[in-house]
Amino acid sequence: MKRPLSRKCLSLLTNLHPSCQNKRSNYHSKAHCVEKLRNCNHFISATSTHCYILKSGLLHDTFTTNHLINCYVRLRRTSYAQQLFDEMPESNVVSWTSLMAGYVDTGQPKFAIWLFRKMPESSVSPNDFTFATVINASSMLADLETGKKIHTHIEILGFQGNLVVCSSLVDMYGKCNDVDGARRVFDLMDYRNVVSWTSMIAAYAQNARGHEALQVFKEFSCSMQESPNHFMLASVINACASLGKLVSGKITHGAVIRRGHELNDVVASALVDMYAKCGSFSYSDKVFRRIQDPSVISYTSMIVGAAKYGLGKLSLQLFQEMIDRRIKPTDVTFLGVLHACSHSGLVDDGLEHLNSMHEKHGLMPDTKHYTCVVDMLSRVGRIDEAYQLAKSIRVNPDEGALLWGTLLSASRLQGRLDIAVEASKWLIESNQQVAGAYVTLSNTYALAGEWENAHSLRSEMKRIGVHKEPGCSWVEIRDSTYVFYAGDVSFESGNEVLCLLKEMERRMKERGYVGGSTGLVFVDVEQEVKEEIVGLHSERLALAFGLITIPKGITIRVMKNLRMCKDCHEAFKLISEIVERDFVVRDTNRFHYFMDGSCSCRDFW
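Residues numbered from 1 in each chain as written. Predicted model: local features only at pLDDT ≥ 70, side-chain atom pairs only at ≥ 80, totals over all residues. Heavy atoms only, no water.

Where an unreviewed UniProt entry is consulted, the protein appears under the name DYW domain-containing protein, with the organism given as Hevea brasiliensis. According to UniProt, the comment filed for the protein under the heading Sequence similarities (unreviewed entry) is "Belongs to the PPR family. PCMP-H subfamily." (UniProt positions renumbered as here; feature names shortened; annotations may be inferred.)

Asker: I would appreciate a short explanation of the UniProt feature "repeat: PPR" (unreviewed entry) in the protein in the present structure.
Answerer: With numbering matched to this structure, UniProt assigns "repeat: PPR" (unreviewed entry) to residues 61-91, 92-126, 162-196 and 295-329. Across residues 61-91 one finds 74% helix and 0% strand; the C-alpha atoms that close the span lie 10 Å apart. Structurally, residues 295-329 is divided into 74% helix and 0% strand, and its ends, taken at the C-alpha atoms, are 10 Å apart. (Helix = DSSP H or I, 4+ residues; strand = E, 2+ residues; numbered from the N terminus.)

Asker: Sorry if this is basic, but what is going on with the packing of aromatic side chains here?
Answerer: Between two aromatic rings, the relevant description is the distance of the centres plus the angle of the planes. Overall, the coordinates contain 21 aromatic pairs when judged by the stated rule. Consider the rings of F484 and F545, whose centres lie 5.2 Å apart with planes at 50°: the pair is tilted. Taken together, the residues F484 in strand β2 (residues 480-485) and F545 in helix α30 (residues 538-549) connect sequence positions 61 residues apart. In this structure F484 comes out as buried when scored by relative accessible area, which is 3%. According to the relative accessible area criterion, F545 is buried, its value standing at 8%. With a centroid separation of 5.4 Å and 55° between ring planes, the pair formed by F572 and F594 is classed as tilted. With F572 in helix α31 (residues 566-579) and F594 in strand β5 (residues 591-595), the pair connects residues that are 22 residues apart, well separated along the chain. By the burial criterion, F572 is buried, and F594 matches it. Here the aromatic residues Y482, F484, F491 and F545 are joined through ring pairs into a cluster of three or more. (Phe/Tyr/Trp six-rings, centres within 6.5 Å; stacked < 30°, edge-to-face > 60°. Buried < 20%, exposed > 50% of the residue type's maximum accessible area, 1.4 Å probe, protein only.)

Asker: Could you clarify how one ought to interpret unusual backbone geometry in this entry?
Answerer: Glycine aside, the phi torsion of most residues is negative, and most peptide linkages are trans. Unusually for a residue other than glycine, N177 sits at a positive phi of about 65°. For N177, the position within the fold is in the loop between α11 (163-175) and α12 (179-188). Within the chain, S493 stands out as a residue other than glycine whose phi angle is a positive 70°. If you trace the backbone, S493 turns up in the loop between β2 and α29 (494-510).

Asker: Could you clarify how one ought to interpret the packing of helix α17 (residues 265-277) against helix α18 (residues 281-289) in this entry?
Answerer: Orientation of α17 relative to α18, taken along the N-to-C sense of each, is 165°, at an axis distance of 7 Å. Considered as vectors, α17 and α18 are oriented roughly antiparallel to each other. α17 and α18 meet at a crossing whose hand is left-handed. Counting all contacts with α17, which are made through A268, L271, V272, Y275 and A276, the residues of α18 involved are F281, Y283, S284, V287 and F288. Tallied by class, residues from the contact of α17 with α18 come to nine nonpolar, one polar and no charged. (Axes fitted to C-alpha atoms, helices over the stretch in contact; angles between N-to-C directions. Parallel < 35°, antiparallel > 145°, perpendicular 65-115°, else oblique. Left-handed = near helix turned anticlockwise from the far one by under 90°. Contact = heavy atoms within 4.5 Å. Nonpolar A, V, L, I, M, F, W, Y, C, P; charged D, E, K, R; others polar.)

Here it is in C-alpha cells:
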C-alpha cells in the first residue's frame, strides 16, 4: 500500500489547481460538494474537489469522504481510495464496501478478500452489498474454499434469504464448478429475479450441462415474471452451442431479435459461436457481418469457427482484418489462429504467428498454444519435431494431458510406436486420459503387428477396471434429439436403418469401397473390436436415421462425442455421392462437410 497523502502533499495539489481557490465561492454546502463528486468524470477534477474538502474541514465527515472514495473508485484510482480509507477517523460499511468494489472492478479480487477479512477488527458489520461484492471476488478467483467460508458467514448473520446475496452465491458456485451447490442455493430462494435465473442458467451452461440450462430457461419462460436480459439469452445460446442444438439455437435467436438484443456484442458473439458449432458456419458469417463494431470476442469466435471447418486462410484473413482495425488479440485468439493453421497444413504461417505472440503483441504462449503446434507439426509428418517440442515443455499433469494426448494420437497415425509408448506412459503415470492412452496404444501395437502386446494391454484394462468412453452420435429433428450408440439398433426403426446401411454398403462396394481397411482391430474412437461392426458405428446409425427421417434438400447434421474414424469418413464421402445429399459431422476435432463424394477437410484431419 502507498503511504497516506499528507496535508502538505494535498496543499501542493491545491497550488496545481487554482480553481480550488478561485471557485471556492461555488462550494456553499456539503450537498454541493457531494453533487460535484457524483458528476465527476476526470481525475484532475477529483483531486481539485479533494483539495476543497480538505481545506473546508469536510474530510472528517464520513458521508462526504465516502463519496470521495466512490469517485476515486469510479475513476479506477484505487490507491487514492485506499489512502483516503486509511485516514478516515470513522469508516462505516459503505466505506468498506466501496473500497472492496473498487478492487473487484480493477481486477484485484485478492485485495477485496483481504479487506473483508480485516473487517472484523473494526466495529463495522458487513451488509448485503458487502457480501455480494466479496462473493464476486471469490468468483473471479474461482476460489470455492473462500466462497464456502463466506457462505457460512452469511448464514450466521442471517443473510441467507437476501436476493442480492443469494444470486451472487449461485453465480459463485457456478464459476467454481460446483453446480450442485449453486442449485441448492437457487432452490432455497423464496424469491428469484432475472439475475438469479440467469446465474443458474449460466452455471449449467458453463459446466457442460446444457440440457439442464435449457430446462431452467424453459421454467423461467413459463413463469413469465420478467423478460430475459441479454446475459440470460447469451447463456442459453451457449448451452445450445455445446449441445449442437441448432433448432433451439434458432428459436433463441428469434427471442434475441424480438427483445432487441441482436446488436449486443456478447449476444452476437455467442450467436456466431453457436451457429459454427451447430454446423451452420454460413449463418455465423451473416451474424458477424451485421455487427457494426465487432470486438475481439466476435473476431475470435469467427476465427475459431472458420478453423473448425478447415478454412485456415479465412481465419488468417479475419485475424489480419482485426489487427488492421487496431483490435488487440488475446491468447484465445491465437489458439484459434494456430488451430486454423494446424487443420489447413499452414505450418510456416502457424510458426510465424506463434513467434509474433510475444514479439508483436506482448503475449506469452502457454501449454495450449504449444499443443496446437505439436498437432500442426504432426499433421504434416514432422512428428520428431513435435516430439522434441513436447519434451522441452515443463507442464503439470493437468496441462500436459492435452499435450501428450495429442502427441499420442499423432504417433499412432504416423505409426511411431516408440513415441506412442512414451506418450502413453506419461499419461498413465500422471493418471490422465488413462483409458484413451491404453486404447490408443493398443491400436498402435495392432498397426505394428504386435498382437500379443495389444491383447496384453486390453487384458490389463479389464484387470484394473479401465473403460473407454462409449462412442455416441446424435441428430436433432424438430427440436428433438435422437442419440445412437455403436452397435445398438434397439431403437424404433432400427430394422429400417439396418436395411438402409446394408444397401449403402452394397452400393459403396460397387464403387471400390473396402470396409475395415484401416487394419485397426481396436478402433480408438469407438468400443467395437470386430472389423465387421465398423458398419454399425454410431455416426453411421445417426446418418441412416437422418436419411430416413429428414426430407431431401435439408442438410443432415450429425454430432459425435469422439473422433470420427477413417472408415466412416470414407463411407460418408461415398454415401453423399450415392444419395446426392449433403451431410455435416461435428466430432471432437472439427467439422466435416460432405458433398458430392468429397469432404471439406480434403482428407487433411
